[in-house]
Amino acid sequence: MRVATVIPVFVLGLAALPASGGRADAAPLLLPEVSRHMSDGERALRNGDGDLAQSHAALVLVGSDISVAVRAEGIEGREAEEAERATEKAFDTWAAATDDDVAFDRDDRHPDPTITIRLMKDVVRNGEHLAGWVSWKRAMPAQGTAAKYRADIMIRTRRTDGRRMSSAAVHHEVCHELGHVLGLDDCEGPGNIMGALDPSKPCAGPCDAEARLVRELRRRARSITEQASRSGRSQ
């Protein structure tokens, strides 16, 4: 690994974060894909296509009660228990940050969960040791189906020297990847939940600007859904 203290957090389809440097006060950003769905949803609403507008909005919202399966892979005992507790704390952290507009509903037996979180000793992608990784798919509906979002998250529980990550660091990792699920992009530097992870200084949760951006995004998406629904009833 190129650095000893800061582990970059990566997201599928986006460039890697710098391991250090950047501004700690960098403004949070939306994922380009999410911004496109918002724009397309608002355009469809203006054009009178309520079904299409609601599909775009659904892919932004992901859901209110989001099913999550948590898997401990290659870890057990106290390590697995602590990592799972840190993961569940991250669910509560984002629920509080969104004024309970988001609820992550853990169900490890769900046959098709919206999100699968895999807790493991190491996460390696293209030869890089990563703090976490998320891949996702937003699928517009085909004939007779609904819009569908699925995400797979991998979280490391150990440092590159083999020592366990602190519960606070694992919590940061999970909050970061859930931030991507909720529409946030990586930021330029450490200091925010969407920045790179410094295991010695993990963030306790999203900053005010990050939480505010997610709340506003969800407010706009819900507005599209409600307007499209009212328009459909009036026709």
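Here the residue numbering is sequential within each chain, running from 1 through the sequence in written order. Under the rules for a predicted model, residues below a pLDDT of 70 receive no local features and side-chain atom pairs below 80 are neither given nor counted, while totals for whole chains, interfaces and linings still include all residues. Hydrogens and water molecules were not included; the side-chain quantities draw on all heavy atoms of the structure.

With respect to the sheet that holds strand β2 (residues 103-106)
As a reminder, the rule being used: Pairing between strands requires that DSSP locate at least two bridges from one strand to the other. Think of it this way: any DSSP run of H or I at least four residues long counts as a helix, any run of E at least two long counts as a strand, and we number them from the N terminus. For helices, the fitted axis covers only the stretch in contact; all axes are lines through C-alpha atoms, and the angles between them, taken along N-to-C directions, range from 0 to 180 degrees.
Reading across from one edge, β2-β1-β3-β7-β6 is the order of the five strands in this open sheet, with mixed pairing throughout. With one partner strand each, in any of the chains shown, β2 and β6 (132-139) form the two edges of the open sheet. For this sheet, the mean angle separating the axes of adjacent strands, direction not counted, is 20°. When strand β3 (residues 115-120) meets strand β7 (residues 148-156), the two strands line up parallel, connected through six bridges. By the bridge assignment, Ile117 is partnered in β7 with Ile153.

Some remarks on the nonpolar core
For clarity, the threshold we go by: Residues belong to a common nonpolar core when they are buried Ala, Val, Leu, Ile, Met, Phe, Trp, Tyr or Cys residues joined through side-chain atoms within 4.5 Å. Whether a residue is buried, partly exposed or exposed follows from its accessible area with a 1.4 Å probe, protein chains only, as a fraction of its type maximum: under 20%, in between, or over 50%, in that order. A contact between two residues is defined here by any heavy atoms of the two lying within 4.5 Å.
Core analysis: the largest hydrophobic core is formed by 53 residues, its most contacted members being Trp94, Phe104, Ile115, Ile117, Ile153 and Leu178. With seven residues, helix α3 (residues 77-97) is the largest single contributor of residues to this core. For Ile153, the residues in contact, after removing those within four places along its chain, are Ile115, Thr116, Ile117, Arg118, Trp133, Val134, Glu177, Leu178 and Val181. Core analysis: the next-biggest nonpolar cluster, separate from the first, contains five residues, Met120, Val123, Leu130 and Trp133 among them.

Quick look at the packing of α3 against helix α4 (residues 167-181)
Basically, it comes down to this: Put simply, angles under 35 degrees are roughly parallel, angles over 145 are roughly antiparallel, angles from 65 to 115 are roughly perpendicular, and the rest are oblique. Note: crossing handedness is left-handed where the near helix turns anticlockwise from the far helix by less than a right angle, and right-handed where it turns clockwise. Note on residue classes: Ala, Val, Leu, Ile, Met, Phe, Trp, Tyr, Cys and Pro are nonpolar, Asp, Glu, Lys and Arg are charged, and everything else, Gly too, is polar.
Contact geometry for α3 and α4: axes closest at 8 Å, N-to-C directions at 45°. It follows from the interaxial angle that α3 and α4 lie oblique. For the pair α3 and α4, the crossing hand works out as right-handed. Counted together, Glu82, Ala83, Ala86, Thr87, Lys89, Ala90, Phe91, Thr93 and Trp94 of α3 and Ser167, Val170, His171, Val174, Cys175, Leu178 and Gly179 of α4 form the full contact between these two elements. Here the residues of the contact of α3 with α4 are counted per class, giving nine nonpolar, five polar and two charged.

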